[in-house]
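The primary structure of each chain is shown beneath.
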Amino acid sequence: MSTSASTLEPRLRAVRADSPAPVLRQHVAADPVSVPAGDRLREILCETLDRGDRVPAGHATMWRQFLHLLEQQRNDPRSTARCAVLANLVAVAAFDEPADHVATAELADQLGTPRLVRLQHRASTALETDPLLPWTSATVRNLRAADIAARLVAAGHAPQAADDIAKACAGVARALVFQDLDPDRTTDQVTSVLQFLNLVERGSIVEWRDQLGMVAASPWGPYADHLLLLARESEQPEVLAVVEAAIEECREWCRDQERDQVAREIRHLVAVSGSSQREFAARIGTSPSRLSTYVRGTVTPSAAMLLRIQRASRSLQHPSARVIHPGR
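Residues numbered from 1 in each chain as written. Predicted model: local features only at pLDDT ≥ 70, side-chain atom pairs only at ≥ 80, totals over all residues. Heavy atoms only, no water.

### A few points about the pattern of salt bridges
Then, in step 1: If you walk through the whole model with that rule in mind, you get 17 salt bridges.
Then, in step 2: Where Glu106 meets Arg40, a salt bridge forms, and the shortest distance between an N and an O atom there is 2.5 Å. Remark: Arg40 occurs in helix α3 (residues 38-49) and Glu106 occurs in helix α6 (residues 98-111); sequence separation between them is 66 residues.
Then, in step 3: Given a relative accessible area of 17%, Arg40 falls into the buried group. (Salt bridge = Lys/Arg side-chain N within 4 Å of Asp/Glu carboxyl O. Helix = DSSP H or I, 4+ residues; strand = E, 2+ residues; numbered from the N terminus. Buried < 20%, exposed > 50% of the residue type's maximum accessible area, 1.4 Å probe, protein only.)

The structure is reproduced here in structure tokens:
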């Protein structure tokens, strides 16, 4: 499923004499970086710029847009992480080399996968000109390729380290697909194994998001089961594993949305009650710290506790229901 530049052997494009890449490279190398791990972020950016003379012909437009975006950011001291993430996104799509996968794993470790993926999503939005996001799609495919660990071992990495890097890359790719998921958007459902395999192997990230959005709308519903059936009928264990992981991710995504919705409702109920969190906690028979976990969404209350919170909020909205403390 990988579309690596080494296997496709595309024609290479020489950098034009007036290319801004060398100037940008000099600027990046000379510019002091004040953010944590800034030196490594700068290295990732420079390592991408250093390969400007062997950009595959099919990625020439992406490369020019990449340089244009860097030029816009060159005088912004806060842009180091954004530019490094952009460079890594371009490198994975255009070169797909072991060093690029290592850089992705390092970025995930330094920035945290959620922040990295948010920056990748913003970078892809600025970089892409095609609404099907072909370069971002190539990045996802390359980060999820089954042979990443083997390629890393061949490049000199220890097997366990190579496996850890491959898992980190797959996690980033999965999170990037889920970054713009819309469960309210519907599209044509996949009906055959052939159509399913074509989607997996040649679909765009937009098409994957559309299909997963329908699963996310009802992750325990019949369409999720249908996709699992098609994956089993494909007789490709790797594809089945990807679909199982994606559906479980949809279910977790749905759980997160439900937890956020419950937390928002509790915050609203406490706010309209007119009481403090301490007073409200006493009214529902729990501690202020426990109520705080409900309000923040770090803990989801039981159904019985949620009903108690609703009743207490309604009751406290009536002045006669308030407790009169001695001395007040």
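### Some words on empty space enclosed by the protein
Then, in step 1: The full count for this structure, using the stated rule, is one cavity of 30 Å³ or more.
Then, in step 2: When its volume is computed, the largest cavity comes out at roughly 440 Å³.
Then, in step 3: Forming the boundary of the largest cavity are 20 residues, of which Val200, Trp208, Leu212, Val242 and Ala246 lie nearest the centre.
Then, in step 4: Secondary-structure elements contributing two or more residues to the lining of the largest cavity are α8 (134-143), α10 (159-177), α11 (193-202), α12 (205-217) and α14 (237-273).
Then, in step 5: The biggest single contributor to the lining of the largest cavity is α14, with six residues.
Then, in step 6: When the residues that make up the lining of the largest cavity are grouped by side-chain class, the tally is 15 nonpolar, one polar and four charged. (1 Å grid on protein atoms, 1.4 Å probe; cavity = no way out; pocket = protein on both sides within 12 Å on 5 of 7 lines; lining within 4 Å. Points joined across faces, edges and corners; volume = space filled by probe spheres on them. Nonpolar A, V, L, I, M, F, W, Y, C, P; charged D, E, K, R; others polar.)

### Quick notes on the environment of Ser79
Then, in step 1: Looking at the element boundaries, Ser79 is found in the loop between α4 (60-73) and α5 (80-94).
Then, in step 2: At 3.2 Å, the side chain of Ser79 forms a polar contact with the backbone oxygen of Gln73. (Polar contact = N/O pair within 3.5 Å; in protein donor to acceptor, adjacent residues only side chain to side chain.)

### A look at the packing of aromatic side chains
Then, in step 1: Throughout the structure, instances matching the rule amount to two aromatic pairs.
Then, in step 2: Plain terms: the ring middles of Trp63 and Phe95 are 6.3 Å apart, the flat faces sit at 75 degrees to each other, and that makes the pair edge-to-face. Placement of the pair is Trp63 in helix α4 and Phe95 in the loop between α5 and α6, with a sequence separation of 32 residues.
Then, in step 3: Using a relative accessible area of 4% as the deciding quantity, one classes Phe95 as buried.
Then, in step 4: Here the aromatic residues Trp63, Phe66 and Phe95 are joined through ring pairs into a cluster of three or more.
Then, in step 5: Here the basic side chain of Arg54 rests over the ring of Phe95, its NZ or CZ set 5.6 Å away from the ring centre. (Phe/Tyr/Trp six-rings, centres within 6.5 Å; stacked < 30°, edge-to-face > 60°. Lys NZ or Arg CZ within 6 Å of the ring centre and 35° of its normal.)

### Re the environment of Ala166
Then, in step 1: Its location among the elements puts Ala166 in helix α10.
Then, in step 2: Note on Ala166: relative accessible area 16%, which makes it buried.
Then, in step 3: Each C-alpha atom, one on Ala166 and one on Arg151, is 9.9 Å from the other, the two residues being 15 residues apart in sequence.
Then, in step 4: If near-sequence neighbours (up to four positions away) are discounted, Ala166 is found in contact with Ile148, Ala149 and Leu152. (Contact = heavy atoms within 4.5 Å.)

### Points about α8
In an α-helix, one turn spans 3.6 residues, which is why side chains three or four residues apart end up on the same side.
Then, in step 1: Counting buried residues along α8, nine of its ten residues qualify, which places the element largely inside the surrounding structure.
Then, in step 2: What α8 keeps buried is the set Trp135, Thr136, Ser137, Ala138, Thr139, Val140, Arg141, Asn142 and Leu143.

### Regarding the environment of Cys83
Then, in step 1: Structurally, Cys83 can be placed in helix α5.
Then, in step 2: In this structure Cys83 comes out as buried when scored by relative accessible area, which is 7%.
Then, in step 3: Between the alpha carbons of Cys83 and Leu69 there is a distance of 8.5 Å; along the sequence they are 14 residues apart.
Then, in step 4: What Cys83 contacts, discounting residues up to four positions off in sequence, is Leu45, Leu70 and Gln73.

From the geometry alone we can't say anything about function, so treat these as descriptive.
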